[in-house]
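Residues per chain are reported as follows:
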Amino acid sequence: MTAKTIALKNLREFADSELIATSLAGREDSFEELVRRYQRPITAYVYRMTNDYDAALDVSQEIFIKVYNSLARYKTEFKFSTWIYKIARNAAIDYLRRNSNGECSLDLEFEDETFERPIESKLASPEVERERSEWRGEIQKVVQKLPAAYRELILLRHSQDLSYDEIAEIMNLPLGTVKNRLFRARELMRDLLVERGITGV
């Protein structure tokens, strides 16, 4: 085992806060480890926000450049994951505003819980797996039809597995507002699924 492999293994055992500290101290591979941890979920989040894979790659690159340049301003009382998703959200909103001719708004105003992701099984038959694939496809189509502000909440909660508190922090909203909007978003999703002939949700 090489020294580099040992160093990489050790880095993977570091908490985010330790990686930030060593990165700020000049250890470049610490920031590379942060990128390795968050690149895939951040890119997936931006892709679902923009519905454009190439744009998601470009925006994600911008996000990590901004994270790197802003790392010294990161406040340790906040979770790093919440902080980076907040940067990602702002970058995605900026992209959508630049490319939507003023038609996109993620700041719409709106006056528990039954949405569930399909359960994965290692022993699924091809028929069951095909059904699940079709189900996931239908859910993706329905999510894309949601108003932008609702879609964002569903993505943060169910695609990124963030807590209500984290979502409230990222979106600068009261916790009660997040819960209320998520409830409305799920209700709308259910109505859209029923319109597509999918019941039992």
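Owing to the predicted nature of the structure, the values given are computational and were not obtained by experimental measurement.

### Focus: the packing of aromatic side chains
Reasoning step 1: All told, the structure shown has 7 aromatic pairs when counted by the stated rule.
Reasoning step 2: With a centroid separation of 6.2 Å and an interplanar angle of 75°, the aromatic rings of tyrosine 47 and tyrosine 53 are classed as edge-to-face.
Reasoning step 3: Judged by its relative accessible area of 35%, tyrosine 47 falls in the partly exposed class.
Reasoning step 4: Relative to phenylalanine 80, the ring of tyrosine 74 lies with its centre 5.7 Å away and its plane at 80°, an arrangement referred to as edge-to-face. Side by side, tyrosine 74 and phenylalanine 80 carry an identical accessibility label, which is buried.
Reasoning step 5: Three or more aromatic residues link up through ring pairs in this structure, and these residues are Tyr38, Tyr74, Phe80 and Trp83.
Reasoning step 6: Over the ring of tyrosine 164 we find arginine 157, and its NZ or CZ is 4.3 Å from the ring centre.
Reasoning step 7: Residue placement shows lysine 179 over the ring face of tyrosine 164; its charged tip is 5.6 Å from the ring centre.

### With respect to the pattern of salt bridges
Reasoning step 1: The final tally for this structure, using the stated rule, is 8 salt bridges.
Reasoning step 2: In this structure, arginine 36 and glutamate 33 form a salt bridge, with 2.7 Å as the shortest nitrogen-oxygen distance. Taken as a pair, arginine 36 and glutamate 33 lie in helix 3 (residues 28-50) at a separation of 3 residues, close to a single helical turn.
Reasoning step 3: Judged by relative accessible area, glutamate 33 falls into the buried class, the value being 2%.
Reasoning step 4: Across the pair lysine 86 and glutamate 169 runs a salt bridge, and its minimum N-O distance is 3.4 Å.
Reasoning step 5: Linked by salt bridges that have partners in common, Asp16, Glu33, Arg36 and Arg37 make up one network.

### Observations regarding unusual backbone geometry
Reasoning step 1: A positive phi angle, near 60°, is found at asparagine 51, a position not held by glycine.
Reasoning step 2: Inspection of the secondary structure puts asparagine 51 in the loop between helix 3 and helix 4 (53-70).
Reasoning step 3: What makes asparagine 51 partly exposed here is its relative accessible area of 47%.

### Structural notes on the packing of helix 8 (residues 164-171) against helix 9 (residues 175-195)
Reasoning step 1: Where helix 8 meets helix 9, the axes come as close as 9 Å, and the angle between the chain directions of the two elements is 105°. On the basis of the axis angle, helix 8 is roughly perpendicular to helix 9. Mapping the contact onto sequence places Tyr164, Asp165, Ile167 and Ala168 in helix 8 and Leu175, Val178, Lys179, Leu182 and Arg186 in helix 9.
Reasoning step 2: Classifying every residue of the contact of helix 8 with helix 9 by side-chain character gives 6 nonpolar, no polar and 3 charged.

### Things to note about the environment of alanine 168
Reasoning step 1: Among the structural elements, alanine 168 can be located in helix 8.
Reasoning step 2: We classify alanine 168 as buried; its relative accessible area is 10%.
Reasoning step 3: For alanine 168, the contacting residues outside a window of four places in its chain are Leu173, Pro174, Leu175 and Val178.

### Some remarks on the nonpolar core
Reasoning step 1: By size, the foremost hydrophobic cluster in this structure holds 51 residues, and its most contacted members are Ile42, Ile63, Val67 and Phe80.
Reasoning step 2: Elements supplying a minimum of two residues to this core: helix 2 (16-24), helix 3, helix 4, helix 5 (80-98), helix 6 (126-145), helix 7 (148-159), helix 8 and helix 9.
Reasoning step 3: It is helix 5 that provides the largest number of residues to this core, a total of 10 residues.
Reasoning step 4: Residues in contact with isoleucine 63, not counting those within four places in the same chain, are Ile42, Val46, Ile87, Ala88 and Ala91.

Rules used in this analysis
- Residues numbered from 1 in each chain as written.
- Predicted model: local features only at pLDDT ≥ 70, side-chain atom pairs only at ≥ 80, totals over all residues.
- Heavy atoms only, no water.
- Phe/Tyr/Trp six-rings, centres within 6.5 Å; stacked < 30°, edge-to-face > 60°.
- Buried < 20%, exposed > 50% of the residue type's maximum accessible area, 1.4 Å probe, protein only.
- Lys NZ or Arg CZ within 6 Å of the ring centre and 35° of its normal.
- Salt bridge = Lys/Arg side-chain N within 4 Å of Asp/Glu carboxyl O.
- Helix = DSSP H or I, 4+ residues; strand = E, 2+ residues; numbered from the N terminus.
- Axes fitted to C-alpha atoms, helices over the stretch in contact; angles between N-to-C directions.
- Parallel < 35°, antiparallel > 145°, perpendicular 65-115°, else oblique.
- Contact = heavy atoms within 4.5 Å.
- Nonpolar A, V, L, I, M, F, W, Y, C, P; charged D, E, K, R; others polar.
- Core = buried A, V, L, I, M, F, W, Y, C linked by side-chain atoms within 4.5 Å.

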